[in-house]
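Geometric and topological summary
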Amino acid sequence: MSVLRRITRRVQGDGAAGHGDDPLDPAQERRVRAVLALGGVPQADLPDGVQQVRLRLLERAARGYEAPRDVSAWAAVVASNLAMDWHRARRRQERLGERLASLRQHEHPSGEEDSVLSLAVAGGLDALPDAQRQVVVLRFYADLPVRSIALELGVPEGTVKSRLHTAVRALRARLHEDEVV
């Protein structure tokens, strides 16, 4: 059975494909992992990268596109693109941390203690999940009220409050752990 047919059946929910069908065979998965690792993706993020490649292959089939001529080569290229995306996102986060630290230093140029705190907070923000980081930045740096954040993000106010609470608790724990406060 062709890869496309197996993927299409799986996407359409046809039981004939079986639960063991995987759009990537073990050799292709190893190759994807290797490309991601060589592309600089940390070991902890490799499973997510492999799943992204699988997802894109399934999405391709769901849209009715033909299967790639060489699934292994196609998967390697997608993995390489994912590695580049990972680095772009990381650089974006690093720049955000630097900008926040710089803003903090300009607002309160009272010395080394504030600089250490700014860097620690920026590092803590980088460690937060995207959704939590987003609401913290919108609430405390953009100074938006919870209601406005909820409206702009299209989520309930309670979700914004919950994300803020969890994020602030995580930031506080990190600052205590790093002995900054």
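Computed from a predicted structure; not experimentally measured.

Some remarks on the overall build of the protein chain
Secondary structure assignment for the protein chain yields eight helices and zero strands. Starting at the N terminus, the α and β elements of the protein chain follow one another as α-α-α-α-α-α-α-α. Burial analysis of the protein chain (181 residues in total) assigns 27% to the buried set. Considering only intrachain contacts with a sequence separation of at least 6, the fraction spanning at least 24 residues in the protein chain is 55%.

Description of the side chain of Gln132
Note that Gln132 resides in helix α6 (residues 130-141). In this structure, Gln132 is in contact with Arg163, Thr166 and Ala167, ignoring residues within four places of it in sequence.

Some details on the packing of helix α7 (residues 146-153) against helix α8 (residues 157-177)
Closest axis-to-axis distance for the α7/α8 pair is 8 Å, and the angle between their directions is 110 degrees. Classified by the angle their axes make, α7 and α8 are roughly perpendicular. Two packed elements cross with a definite hand, and for α7 against α8 that hand is right-handed. Facing Val146, Arg147, Ile149 and Ala150 of α7, the residues of α8 in contact are Glu157, Val160, Lys161 and Leu164. Taken together, the residues of the contact of α7 with α8 break down into five nonpolar, no polar and three charged.

Examining helix α3 (residues 46-62)
With 17 residues, α3 extends 24 Å from end C-alpha to end C-alpha; this agrees with the ideal 24 Å at 1.5 Å per step. For α3, every residue scored as buried is listed here: Leu46, Gly49, Val50, Val53, Arg54, Leu57 and Ala61. In an axial view of α3, the angular spread of the buried residues amounts to 140 degrees, which keeps them on one side of the axis. Count one or two residues on from α3 and you reach Gly64, which has phi positive near 90 degrees.

Observations regarding the pattern of salt bridges
Taken as a whole and assessed by the stated rule, the structure comprises six salt bridges. One salt bridge in this structure joins Arg88 and Asp85, with 2.9 Å as the shortest N-O distance. Pair noted here: Arg88 and Asp85 are both in helix α4 (residues 71-107), with a separation of three residues, about one helical turn. The network of salt bridges with common partners includes Asp22, Glu29, Arg33 and Arg54.

Let's talk about α7
If you check which residues of α7 are buried, you get Val146, Ile149 and Ala150. Taken down its axis, α7 places every buried residue within 100 degrees of arc, on the same side. Among the exposed residues of α7, those pointing more than 90 degrees away from its buried face are Arg147, Leu151 and Glu152. Contact partners of the buried residues in α7: α6 and α8. The first or second residue beyond α7 is Gly154, which carries a positive phi of 70 degrees.

Examining the confidence of the model for the protein chain
Looking at the protein chain, the pLDDT average stands at 79 and 80% of residues meet or exceed 70. For the protein chain, the element scoring lowest by mean pLDDT is helix α1 (residues 3-12), at 47; α3 scores highest, at 92. Note on residues 10-19: pLDDT is under 50 here. Beyond four places in sequence and across chains, it has 11 contacts.

A short note on the environment of Gln52
Relative to the helices and strands, Gln52 is located in helix α3. On the basis of relative accessible area, Gln52 is assigned to the partly exposed category, the value being 33%. With 30 residues separating them in the primary sequence, Gln52 and Leu82 have C-alpha atoms 8.2 Å apart.

Structural notes on the nonpolar core
Ranked by internal contacts, the top residues of the largest apolar core, which has 15 residues, are Leu24, Val32, Leu36, Val53, Trp74 and Ala75. For this core, the secondary-structure elements that each account for two or more residues are α2 (26-38), α3 and α4. Considering each element in turn, this core owes the most residues, seven residues, to α4. Dropping the residues within four chain positions of it, Leu24 is found in contact with Glu29, Val32, Val50, Val53, Arg54, Leu57, Val71 and Ala75. Within the second largest apolar cluster, 13 residues are counted, among which are Leu100, Ala150, Ala167 and Leu171.

Quick notes on the rules
Residues numbered from 1 in each chain as written. Predicted model: local features only at pLDDT ≥ 70, side-chain atom pairs only at ≥ 80, totals over all residues. Heavy atoms only, no water. Helix = DSSP H or I, 4+ residues; strand = E, 2+ residues; numbered from the N terminus. Buried < 20%, exposed > 50% of the residue type's maximum accessible area, 1.4 Å probe, protein only. Contact = heavy atoms within 4.5 Å. Axes fitted to C-alpha atoms, helices over the stretch in contact; angles between N-to-C directions. Parallel < 35°, antiparallel > 145°, perpendicular 65-115°, else oblique. Left-handed = near helix turned anticlockwise from the far one by under 90°. Nonpolar A, V, L, I, M, F, W, Y, C, P; charged D, E, K, R; others polar. Expected span 1.5 Å × (residues − 1). Arc of directions from axis to C-beta. Salt bridge = Lys/Arg side-chain N within 4 Å of Asp/Glu carboxyl O. pLDDT = per-residue confidence, 0-100. Core = buried A, V, L, I, M, F, W, Y, C linked by side-chain atoms within 4.5 Å.

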